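Here are the chains, one letter per residue:
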Amino acid sequence: MTIKPDAKGMYAASSEVVAGAHVDATEYARRYQASVADPQAFWANEAQRIDWIKPFTKVKDTNFNTPDVSIKWFEDGTLNISANCIDRHMITRAQQTAIIWEPDDPNAPAQHITYTQLLEQTSRLANVLKAQGVKRGDRVVLYLPMIPEAAYAMLACARIGAIHSIVFAGFSPDALANRINDSDAKILITADFAPRGGKKTALKDNADKALLHCSDRVKCLVVKHTGDQISWVDGRDVDLRQEMAAAKPYCPYVEMGAEDPLFILYTSGSTGKPKGVVHSSGGYLVYAALTHQMTFDYHDGDIYWCTADVGWVTGHSYIIYGPLANGATTVMFEGVPTYPDAGRFWAVCEKHKVNQFYTAPTAIRSLMGLGSEWVEKYDLSSLKLLGTVGEPINPEAWNWYNTHVGKGRCPIVDTFWQTETGGHLITPLPGAMPTKPGSATLPFFGVKPVVLDASTAVVQEATEAEGVLCIADSWPGQMRTLWGDHDRFMEAYFSQYKGYYFTGDGCRRDGDGYYWITGRVDDVINVSGHRMGTAEVESALVAHEKVAEAAVVGYPHDIKGQGIYAYVTLMKGVEPSDALRKELEAFVRNEIGPIAKPDLLQWAPGLPKTRSGKIMRRILRKIAENDFAALGDTSTLADPSVVDELIANRMNKG
Ligand code: WT7
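All residue numbers refer to positions counted from 1 along the written sequence of the respective chain. Where local features are concerned, this predicted model is filtered to residues with pLDDT of at least 70; where side-chain atom pairs are given and counted, the filter is 80 or more; whole-chain, interface and lining totals use all residues.

Q: Can you walk me through the overall build of the protein in this structure?
A: Helix and strand counts for the protein stand at 21 helices and 30 strands. If one aligns the C-alpha atoms of the protein with their principal axes, the spans along those axes are about 75 × 65 × 55 Å. Taken over 654 residues, the protein has a buried fraction of 53%. When contacts within the protein are restricted to residue pairs at least 6 apart in sequence, long-range pairs at least 24 apart make up 70% of them. For helices the rule is a DSSP run of H or I covering at least 4 residues; for strands it is a run of E covering at least 2, with both sets numbered from the N terminus onward. Our exposure labels follow a C-beta count within 10 Å of each residue's own C-beta, placed from the backbone: buried means 20 or more other C-beta atoms, exposed means 12 or fewer, and partly exposed covers the counts in between. C-beta atoms are first placed from the backbone for all residues, and any pair lying within 7 Å is then listed as a contact.

Q: Sorry, what's going on with the site of the ligand here?
A: In the vicinity of the ligand there are 22 residues, among which Phe416, Gln418, Thr419, Ile517 and Arg531 approach most closely. Elements that contribute at least two residues to the shell around the ligand include exactly helix H12 (313-325), strand E20 (412-415), strand E24 (501-509) and strand E25 (515-520). By the convention adopted, Pro, Cys, Tyr, Trp, Phe, Met, Ile, Leu, Val and Ala count as nonpolar, Lys, Arg, Asp and Glu as charged, and the other residues, Gly among them, as polar. When the residues that make up the shell around the ligand are grouped by side-chain class, the tally is 7 nonpolar, 10 polar and 5 charged. For each residue, a C-beta atom is placed from the backbone, and the residue is labelled near a molecule or strand when this atom is within 6 Å of it.

Q: Can you walk me through the sheet that holds strand E12 (residues 237-239) in this structure?
A: Sheets are built from strands paired through backbone hydrogen bonds, the pairs being either parallel or antiparallel. A strand pair is defined by DSSP finding two or more bridges across the two strands. A sheet is described by the order of its strands in space; here 8 strands give the open sequence E12-E11-E8-E6-E7-E14-E15-E23, paired in mixed fashion. Strands at the two margins of the open sheet, each flanked by one partner only, are E12 and strand E23 (481-482). Strands in contact with helix H8 (residues 173-183) are strand E6 (139-143), strand E7 (163-166), strand E8 (187-191), strand E14 (261-267) and strand E15 (275-280); relative to E6, the strand with the most contacts, it is inclined by about 165°. Comment: axis = line fitted to C-alpha atoms, over the contacting stretch for helices; angle = value between 0 and 180 degrees taken between N-to-C directions.

Q: When you look at the nonpolar core in this model, what are you seeing that I'm missing?
A: Within the largest apolar cluster, 208 residues are counted, with the highest numbers of intra-cluster contacts made by Leu129, Val140, Tyr143, Leu188 and Ala566. Looking at this core element by element, the count peaks at 10 residues for helix H7 (residues 148-160). In this structure Leu188 touches Val141, Tyr143, Ile180, Ala207, Leu211, Val218 and Cys220, once residues within four positions along its chain are discounted. Buried Ala, Val, Leu, Ile, Met, Phe, Trp, Tyr and Cys residues whose C-beta atoms connect them within 7 Å together make up a nonpolar core.

Q: Whenever I open this one, unusual backbone geometry confuses me. Can you help?
A: The general pattern is negative phi for most residues beyond glycine and trans for most peptide bonds. Following Thr66, the chain continues to Pro67 via a peptide bond in cis, the omega torsion being 5°. Topologically, Pro67 is positioned in the loop between strand E1 (60-63) and strand E2 (70-73). Between Tyr339 and the following residue, Pro340, the backbone shows a cis peptide bond with an omega angle of 0°. Within the secondary structure, Pro340 is located in the loop between strand E17 (329-333) and helix H13 (344-352). For Phe74, which is not glycine, the phi dihedral falls at a positive 55°. Tracing the sequence through the fold places Phe74 in the loop between E2 and strand E3 (78-79). By C-beta crowding, Phe74 is classed as buried, having 29 other C-beta atoms within 10 Å.

Q: Got a minute to help me understand the UniProt feature "binding site: Mg(2+)" (unreviewed entry) in the protein in this structure?
A: Here, the residues flagged by UniProt with the feature "binding site: Mg(2+)" (unreviewed entry) are Val542, His544 and Val547. Looking at the element boundaries, Val542 is found in helix H18 (residues 534-542). Using a count of 14 C-beta atoms within 10 Å as the deciding quantity, one classes Val542 as partly exposed. Not counting residues up to four positions away in its chain, the partners in contact with Val542 are Val547, Glu549 and Ala550. Inspection of the secondary structure puts His544 in the loop between H18 and strand E28 (547-557). His544 gets classed as partly exposed once you count the C-beta atoms within 10 Å, which come to 18. UniProt positions are given in the numbering used here, feature names are shortened, and annotations may be inferred rather than shown by experiment.

Q: Please explain the sheet that holds strand E19 (residues 385-389) as it appears in this structure.
A: If you walk across this open sheet you meet the 7 strands as E5-E4-E17-E16-E18-E19-E20, and the pairing is mixed. At either end of the open sheet lies a strand with only one pairing partner, and these are strand E5 (111-114) and E20. This sheet shows a mean twist of 20° between the axes of neighbouring strands, independent of strand direction. Along the sheet, helix H6 (residues 115-131) contacts strand E4 (97-102) and E5; its crossing angle with E5, the most-contacted strand, is approximately 85°.

Q: Would you take a moment to explain the environment of Gly227 for this structure?
A: Take Gly227: it is sitting in the loop between strand E11 (219-223) and E12. Residue classification places Gly227 among the exposed residues on the basis of 8 C-beta atoms within 10 Å. Sequence separation between Gly227 and Thr415 is 188 residues, and the spatial gap between their C-alpha atoms is 38 Å.

Q: Mind showing me how you'd approach the packing of H18 against helix H19 (residues 578-591) here?
A: Relative placement of two packed helices is described by the angle separating their axes and the distance separating the axes. Running from amino to carboxyl end, H18 crosses H19 at an angle of 120°, the nearest separation of the two axes being 9 Å. Classified by the angle their axes make, H18 and H19 are oblique. Considering only the axes of H18 and H19, their crossing is right-handed. Across from Val537, Ala540 and Leu541 in H18, the residues of H19 making contact are Leu584, Phe587, Val588 and Glu591. Residues that form the contact of H18 with H19 fall into these classes: 6 nonpolar, no polar and 1 charged. In this scheme, roughly parallel covers angles under 35 degrees and roughly antiparallel covers those over 145, while 65 to 115 is roughly perpendicular and the rest are oblique. Crossing handedness follows the turn of the near helix against the far one: under a right angle anticlockwise gives a left-handed crossing, and clockwise gives a right-handed one.

Q: Even after reading the chapter, I still don't get the packing of H6 against H7, so can you show me in this structure?
A: Running from N to C, H6 and H7 point in directions that differ by 60°, and their axes come no closer than 8 Å. Viewed along their axes, H6 and H7 form a crossing whose handedness is right-handed. Every residue of H7 that contacts H6 at Gln121, Thr122, Leu125, Ala126, Leu129 and Lys130 is listed here: Tyr152, Ala153, Leu155, Ala156, Arg159 and Ile160. Its residues assigned to classes, the contact of H6 with H7 comprises 8 nonpolar, 2 polar and 2 charged.

Q: How should H19 be read in this particular structure?
A: What a helix should span is 1.5 Å times the count of its residues minus one. The terminal C-alpha atoms of H19, which comprises 14 residues, lie 20 Å apart, in line with the 20 Å expected from a rise of 1.5 Å per residue. Looking one or two residues beyond H19, the residue adopting positive phi is Gly593, at roughly 150°.

Q: What exactly am I supposed to notice about the pairing of E19 here?
A: Moving residue by residue along a regular strand, the side chains alternate between the two faces of the sheet. Most of E19 is tucked away, with 5 of its 5 residues classed as buried. A two-sided burial pattern is seen for E19, the buried positions comprising Leu385, Gly387 and Val389 on one face and Leu386 and Thr388 on the other. Summarising the sheet, strand E18 (residues 356-359) and E19 pair through 4 bridges and their orientation is parallel. Bridged to Tyr358 within E19 is Gly387. Summarising the sheet, E19 and E20 pair through 4 bridges and their orientation is parallel. Looking at E20, one finds that Gly387 is bridged to Val413.

Below you can see the structure in the form of structure tokens.
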């Protein structure tokens with residue numbers, strides 16, 4: 001049955017979807033109301049979905065007011081996350097596939113890893129970590145391809161109470177070294193190479209470079225994945241697969257407190273160096289599991305696929321922890337959407353009979369550009385639901401996804417959330433609310449969004465409103481602090497709008513109470529669904545000896561959502577050239593990683609500054625957006641003529 005929009009442009013789920021869904025409209029209204037009226041009772045009940053070793057007696061103890069921001073959920077309960085994701089399923093699901101691993105190479109065999117095998121491999125890896133001296137509370141950095149060992153390593157850390165910190169395999173040696181040092185990690189787990197799209201990233205080589213800047217005591221556990229030649233440092237490097245084969249196949253799990261950190265994940269902020277977002281154990285798992293089940297309407301036996309990488313929070317919550325806590329079968333894909341051709345996603349959906357498919361708008365846009373014939377070649381009748389995450393989805397991409405992939409019968413869930421939130425904040429539940437293309441619709445249980453006027457901080461009470469998006473009260477999946485810097489945590493999220501968690505996003509609420517995220521209002525940009533701080537790219541550029549000054553802003557990009565636009569002022573006497581442009585691009589790749597490479601780089605003899613020397617980014621943003629009419633008042637600039645110069649030379653491609 002094909003879903004058609006109603007007169008208001010809303011898409012209601014078919015009666016079959018509604019009938020089979022965990023939650024329908026009435027149930028959503030009832031449970032949402034209950035969750036905000038009495039969060040203690042609501043979450044005490046929801047927390048029973050996971051296994052506790054010692055039951056909690058306290059549910060919620062949270063305070064959003066600076067300088068005492070403190071967030072605790074289920075604080076006196078104890079549990080183990082690995083036991084919740086594996087051991088407790090052994091009674092009923094021992095032979096069920098937990099993870100389907102689909103390699104980059106379409107001709108290589110997929111692996112179907114049962115819960116029994118997951119327990120054994122996780123245990124073996126945990127025993128290797130223990131043998132390396134890893135103790136409860138120690139940090140372990142993972143820098144891995146999308147291979148089963150990434151899942152084993154996450155769960156092995158959780159099993160022994162170590163805190164993992166995953167660094168996306170696309171990050172540079174410098175970025176890796178900074179993250180190892182900031183978290184003072186003892187162990188780095190990496191692989192020889194990361195195959196993606198038929199190419200190989202030299203991960204071990206990057207790790208070697210990174211470790212030159214780290215303490216000598218950091219050990220490097222290496223998965224020999226492709227088997228290609230790598231260099232080896234005796235005494236420091238350990239062959240992980242070899243050690244796992246020799247280790248005991250069972251490792252007991254440790255009893256952890258609900259508030260013990262499960263992982264650190266670095267993400268970009270509006271200023272300075274990346275922030276080490278810290279997530280808890282109990283609250284995080286309750287929230288990841290509940291949102292996974294409700295948002296994707298996951299039912300026993302379904303095959304669920306989230307195309308993200310475990311290097312991002314989406315991979316943590318919705319490839320590993322949420323699905324496995326629910327005893328799901330979760331697909332882990334090593335490759336890219338366009339290798340060996342633009343039909344790969346759909347080939348994998350057909351091959352593994354995927355029921356729920358979750359990806360990013362940027363992937364949809366790029367595949368849409370390559371033509372719908374790639375989709376039509378495959379049997380997608382197993383699909384029941386589609387999801388998107390990471391950035392607003394434009395109506396063209398939504399329609400294409402709906403028509404060609406979902407064949408007009410799969411609800412689309414546009415899930416708004418952040419690294420900091422642990423799980424979905426604003427999202428449709430497929431059987432509960434009709435959707436509107438481009439809107440994340442309504443809040444999840446327990447989430448109280450508020451729209452504030454950006455400058456007056458006045459809460460907008462009317463249903464129709466526009467402003468910045470804050471959340472009025474805590475939910476269990478919320479981050480607890482920034483690693484080693486609670487002051488920065490309070491400053492970044494709780495100081496602008498007193499008593500509220502500030503998302504950093506702008507938003508609009510329409511007459512139906514639906515939320516439309518309008519994008520970041522801070523100096524964070526969203527490139528292909530990856531978050532990037534403009535300040536990080538700027539500091540990478542100015543680290544180059546020929547660069548005097550740099551200013552970086554986002555601009556609309558057809559495929560990536562936003563592209564990176566860099567204005568660069570060179571040192572006196574240095575002449576701009578195409579060769580230098582290439583050199584700077586390579587320099588940024590090297591400093592941060594390929595995802596930070598500027599899409600457009602303009603030579604700027606001068607930057608628009610106030611008389612006190614502050615760069616006026618608003619103006620640079622408008623120039624980058626080709627929106628010269630809206631420059632606003634430039635009279636306060638120290639030298640207004642630089643603006644004309646920048647406009648005259650605006651990069652005209654892209
Ligand atoms: C930022 C968070 C959460 C996993 C992926 C990104 C933007 C995220 C949506 C959406 C509009 C979205 C926001 C947010 N964003 N989802 N459905 N609609 N915008 O996590 O790297 O922490 O980035 O991504 O701007 O603040 P992240």
